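Structural overview
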Amino acid sequence: MSTERRAPLDRRRVADTALTLLNETGLDGLTLRAIARELDVKAPALYWHFKDKQALLDEMATEMYRRMTAGTTLDPADTWQERLLKANRGLRTALLAYRDGAKVFSGSRFTGIEHAEQMEDSLRLLTAAGFTLAQATRALNTTYLYTLGFVTEEQGVQPLPGERREGYDLDERARAMADFPLAARAGAEIFADYDRHFEEGLDLLIAGIEARYAVRRRTGGGPVSEEW
């Protein structure tokens, strides 16, 4: 009889196991039964910690955020543009580390307040640059939603780096849409070169935020803001 003691079953251990399985099964194949089997417990034991799958997804998203921010520090010298770039690049990298990572994150509710510190710092940075609180919130949320949506679509084509789902061959698509030459050629702008297209889209958003709220780049003397 084994005398080895297993780690106690808690929410974080279950979420950690679920994230490990996620890369094997994808979100659709991730079941409480499969997680319980991996943990060598009976499935009902998990219901002590999570009432349903959405509660588990909330904890998984929270754990993903913890890992994303672990050991990172915010640079107080960032401009607001640099902060938005860094935050969304980091989020995309974190989501791409898991099969269906963006789907797990989307619509989930953090189970702690670990995100509050960085959110507070970023809001402080933007308001100091001339944004109202409402504008700063909209800038953060809009770029966040862009990244989440972009990665959701990206992972629909490439579930993990190096993988590509059947049906997304650009040459086959072009042949099928030969009567629509512009739409056919647009495939390369939609279903390939995701790194470049993500950066370009994020730059477009930040330029739009800058133009809409008339908060210009610092030029040494502090923030420059104009009211419309």
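Residues numbered from 1 in each chain as written. Predicted model: local features only at pLDDT ≥ 70, side-chain atom pairs only at ≥ 80, totals over all residues. Heavy atoms only, no water.

The next thing to look at is the packing of helix H1 (residues 11-29) against helix H4 (residues 53-69). Where H1 meets H4, the closest approach of the two axes is 9 Å, and the angle between their N-to-C directions is 100°. As summarised for this structure, H1 and H4 are arranged roughly perpendicular, according to the angle between their axes. Judged by residue contacts, Arg11, Arg12, Val14, Ala15, Asp16, Ala18, Leu19, Leu22, Leu27 and Asp28 of H1 engage Lys53, Ala55, Leu56, Leu57, Glu59, Met60, Glu63, Met64, Arg66 and Arg67 from H4. Taken together, the residues of the contact of H1 with H4 sort by class into 11 nonpolar, no polar and nine charged. (Axes fitted to C-alpha atoms, helices over the stretch in contact; angles between N-to-C directions. Helix = DSSP H or I, 4+ residues; strand = E, 2+ residues; numbered from the N terminus. Parallel < 35°, antiparallel > 145°, perpendicular 65-115°, else oblique. Contact = heavy atoms within 4.5 Å. Nonpolar A, V, L, I, M, F, W, Y, C, P; charged D, E, K, R; others polar.)

The subject of this paragraph is the UniProt feature "domain: HTH tetR-type" (unreviewed entry) in the chain. Per the UniProt annotation, the sites labelled "domain: HTH tetR-type" (unreviewed entry) are residues 8-68. In this annotation, residues 8-68 is assigned 77% helix and 0% strand; the end-to-end C-alpha distance for the span is 24 Å. (UniProt positions renumbered as here; feature names shortened; annotations may be inferred.)

This model, assessed by the stated rule, comprises nine aromatic pairs. Between Phe150 and Tyr194, the aromatic rings sit 6.1 Å apart at their centres with planes inclined by 85°, giving edge-to-face as the arrangement. In this pair, Phe150 sits in helix H8 (residues 133-157) while Tyr194 sits in helix H12 (residues 194-213), placing the two residues 44 residues apart along the sequence. When its relative accessible area of 17% is taken as the criterion, Phe150 is described as buried. The buried category is assigned to Tyr194, whose relative accessible area is 8%. Feature note: the residues Tyr146, Phe150, Tyr194 and Phe198 constitute an aromatic cluster, connected by ring pairs. (Phe/Tyr/Trp six-rings, centres within 6.5 Å; stacked < 30°, edge-to-face > 60°. Buried < 20%, exposed > 50% of the residue type's maximum accessible area, 1.4 Å probe, protein only.)

In this section: the pattern of salt bridges. Per the stated rule, a full pass over the model turns up 18 salt bridges. Measuring nitrogen to oxygen at the nearest pair gives 3.0 Å for the salt bridge that ties Glu59 to Arg11. Of this pair, Glu59 sits in helix H4 while Arg11 sits in helix H1, and the two are 48 residues apart along the sequence. For Arg11, a relative accessible area of 31% gives the class partly exposed. Residues joined by salt bridges that share partners form a network here, namely Arg11, Arg12, Asp16, Glu59, Glu63, Arg66, Arg67 and Glu114. (Salt bridge = Lys/Arg side-chain N within 4 Å of Asp/Glu carboxyl O.)

The next point concerns the nonpolar core. In summary, soluble globular proteins display a tendency toward joint burial of nonpolar side chains. Residues Leu22, Ile35, Leu56, Met60, Leu95 and Phe105 are the most contacted members of the largest nonpolar core, which totals 31 residues. Mapped by element, the contributors of at least two residues to this core are H1, helix H2 (32-39), helix H3 (43-46), H4, helix H5 (80-96), helix H6 (101-105) and H8. Every residue in contact with Ile35, bar those within four places of it in the chain, is listed here: Val14, Thr17, Ala18, Leu21, Leu30, Leu46 and Leu56. In this structure, Leu123, Tyr194, Tyr213 and Val215 belong to the second largest nonpolar core, which totals 21 residues. (Core = buried A, V, L, I, M, F, W, Y, C linked by side-chain atoms within 4.5 Å.)

In this section: a negative patch on the surface. Side chains of Glu166, Asp169, Asp171 and Glu172 sit close together on the surface and give a patch of like negative charge. The exposure class assigned to Asp169 is partly exposed, which follows from its relative accessible area of 36%. (Patch = residues over 30% accessible without salt bridge, like charges linked within 9 Å, V, L, I, M, F, W, Y side chains within 5 Å. Areas by Shrake-Rupley, 256 points an atom, 1.4 Å probe, with all protein chains shown as cover. Lys, Arg positive; Asp, Glu negative; His and termini not counted. Charge placed at Lys NZ, Arg CZ, Asp CG, Glu CD.)

At a minimum axis distance of 11 Å, the contact between H5 and H12 shows a crossing angle of 145°. Between H5 and H12 the crossing geometry is right-handed. Each of Trp80, Gln81, Leu84, Leu85, Asn88, Arg89 and Arg92 in H5 lies in contact with H12, whose residues at this interface are Tyr194, Asp195, Phe198, Glu199, Leu202, Asp203, Ile206, Ile209 and Glu210. Tallied by class, residues from the contact of H5 with H12 come to eight nonpolar, two polar and six charged. (Left-handed = near helix turned anticlockwise from the far one by under 90°.)

Time to look at the side chain of Glu63. Within the secondary structure, Glu63 is located in helix H4. Under the relative-accessibility criterion, Glu63 is labelled buried at 6%. Ignoring anything within four residues of it in the chain, the contact list for Glu63 reads Arg12 and Leu19.

Once that is clear, we can look at the confidence of the model for the chain. For the chain, mean pLDDT is 89; residues scoring 70 or higher make up 91% of the total. Scored below 50 in pLDDT, residues 218-228 makes 20 contacts in the model with residues more than four places away or belonging to other chains. (pLDDT = per-residue confidence, 0-100.)

Let us now look at H12. For H12, spanning 20 residues, the distance from its first C-alpha to its last is 28 Å, which sits close to the expected 28 Å at 1.5 Å a residue. Downstream of H12 by one or two residues, Ala214 has phi in the positive range, about 55°. (Expected span 1.5 Å × (residues − 1).)

Another aspect to go through is the environment of Pro161. With respect to the element layout, Pro161 can be found in the loop between H8 and helix H9 (170-176). Distance in space between the C-alpha atoms of Pro161 and Leu96 is 7.8 Å, their sequence separation being 65 residues.

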